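Summary of the model geometry
This is what each chain is made of:
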Amino acid sequence: MIFHVLTIFPEFFAGPFAHGVVSRARDIGILDIRIHNLRDWTSDRHKTVDDRPFGGGEGMVLKPEPLFLAVESIWPQRTAAQKVLLLSAQGRRFDQAMANGLSREAELLLICGRYEGVDERVAAHLADDEISIGNYVLSGGELAAAVVIDTVARLLPGVLGNETSAAFDSFQESGHTEGLLDCPHWTRPADFRGWKAPEVLLNGNHEEIRRFRSQAAREKTARLRPDLLPPARPEEE
Ligand code: SAM
């Protein structure tokens, strides 16, 4: 899968993709991340990418021309399989289901906004979708792009050691967690400062362990994320 990222801070991405799963996915050729500097598509001496908002008001807005030119030059013959996603606090909320969908795409281009945002013609006429990573406002789309790429990368076949590992993750509707949180985990030492790992996990009885984990996942979901539980059936109320 190929990700393009369009940004005015290309150096931002030296860190997020240099470690762990994403770095390994790049090394083995499953994931290709191409970072593009938006200023390369400006023509003035100052490499201007922003301008004041029409109608007045605070801040600056990313101009449409460099963004359109960049996409048209990266994809001169853009096909329906080449999708542009605009990172935006106003977008549709990114979640595991959306990540699953994106992991089936071949090539995506993420536009990172800055300042007060991006000229609305980009959302209307260039982007296929507008994506928000949560109900809060970041200073720029770079962190959001890194979140999207990291989340999608671990879903690509062959990236995680075990093909099914992502199916054990929290929020995976079709996986083992059935949309709930993953079960809690413990490791050695079995007794740490008097806090003991659950005995059942040490006894090697796989059926008991499976039942314990399923119950523990439900309890943790009920405690921290009751919104994820399926609605109670009338007889359970
Ligand atoms: N004025 C905008 C608003 O209130 O919706 C916020 C602009 S924000 C300071 C600058 C850029 O950060 C946005 O254009 C977008 O690319 C990115 N951004 C901010 N919050 C985001 C979020 N929750 N999800 C994705 N991108 C976000």
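Structure's up top.
Residues numbered from 1 in each chain as written. Predicted model: local features only at pLDDT ≥ 70, side-chain atom pairs only at ≥ 80, totals over all residues. Heavy atoms only, no water.

**Quick look at the environment of Glu199**
- Locating Glu199 in the fold gives a position in the loop between β9 (195-196) and α6 (206-224).
- The exposure class assigned to Glu199 is exposed, which follows from its relative accessible area of 62%.
- Sequence-wise, Glu199 and Ile209 are ten residues apart; in three dimensions their C-alpha atoms are separated by 9.8 Å. (Helix = DSSP H or I, 4+ residues; strand = E, 2+ residues; numbered from the N terminus. Buried < 20%, exposed > 50% of the residue type's maximum accessible area, 1.4 Å probe, protein only.)

**As for the sheet that holds strand β6 (residues 107-111)**
- Judged by pairing direction, the sheet is parallel, and its five strands sit side by side in the order β2-β1-β6-β5-β7 without closing on themselves. Here the strands that pair on one side only, and so sit at the sheet edges, are β2 (32-37) and β7 (129-132). The average angle at which neighbouring strand axes cross in this sheet is 30 degrees, direction not considered.
- Strands β1 (2-7), β2, β5 (82-93) and β6 of the sheet are contacted by helix α2 (residues 64-74), whose axis makes an angle of about 155 degrees with β1. (Pairing = 2+ DSSP bridges. Axes fitted to C-alpha atoms, helices over the stretch in contact; angles between N-to-C directions. Contact = heavy atoms within 4.5 Å.)

**Concerning the pattern of salt bridges**
- One pass over the structure, following the stated rule, counts twelve salt bridges.
- The shortest N-O distance in the salt bridge between Asp128 and Arg78 comes to 2.6 Å. Taken together, the positions of Asp128 in the loop between α4 (120-125) and β7 and Arg78 in the loop between α2 and β5 put the pair 50 residues apart, joining distant regions of the chain.
- When the shortest N-O distance is used, the salt bridge between Lys83 and Glu105 registers 3.2 Å. Of this pair, Lys83 sits in strand β5 while Glu105 sits in the loop between α3 (96-102) and β6, and the two are 22 residues apart along the sequence.
- Taking relative accessible area as the criterion, Lys83 reaches 25% and is therefore assigned partly exposed.
- Taken together, the shared-partner salt bridges connect Glu207, Arg210 and Arg211 into one network. (Salt bridge = Lys/Arg side-chain N within 4 Å of Asp/Glu carboxyl O.)

**Observations regarding the site of the ligand**
- Around the ligand sit 20 residues, and of these Leu87, Gln90, Gly113, Glu116 and Tyr136 come closest.
- Between the ligand and Glu116 there is a distance of 2.9 Å, counted from a nitrogen atom to a backbone nitrogen or oxygen.
- Contacts to the ligand include Gly134, whose backbone N or O atom sits 3.0 Å from a nitrogen atom.
- For the ligand, the protein covers 86% of the area, taking 580 Å² as the surface of the free molecule.
- Put simply, the parts of the chain that give the shell around the ligand at least two residues each are β5, β7 and α5 (141-153). (Near = heavy atom within 4 Å. Polar contact = N/O pair within 3.5 Å; in protein donor to acceptor, adjacent residues only side chain to side chain. Areas by Shrake-Rupley, 256 points an atom, 1.4 Å probe, with all protein chains shown as cover.)

**Overview of the packing of aromatic side chains**
- Enumeration according to the criterion identifies four aromatic pairs in this entry.
- Aromatic side chains Phe13 and Phe17 sit 5.6 Å apart centroid to centroid with 15 degrees between the ring planes, which places their arrangement in the stacked category.
- Take Phe13: its relative accessible area is 3%, and that puts it in the buried class.
- Pairing Phe192 with Trp195 gives two aromatic rings, centres 6.1 Å apart and planes at 45 degrees, and the pair type is tilted.
- We classify Phe192 as partly exposed; its relative accessible area is 42%.
- Chaining the aromatic ring pairs together yields one cluster made of Phe12, Phe13 and Phe17. (Phe/Tyr/Trp six-rings, centres within 6.5 Å; stacked < 30°, edge-to-face > 60°.)

None of this, on its own, says anything about what the molecule does.
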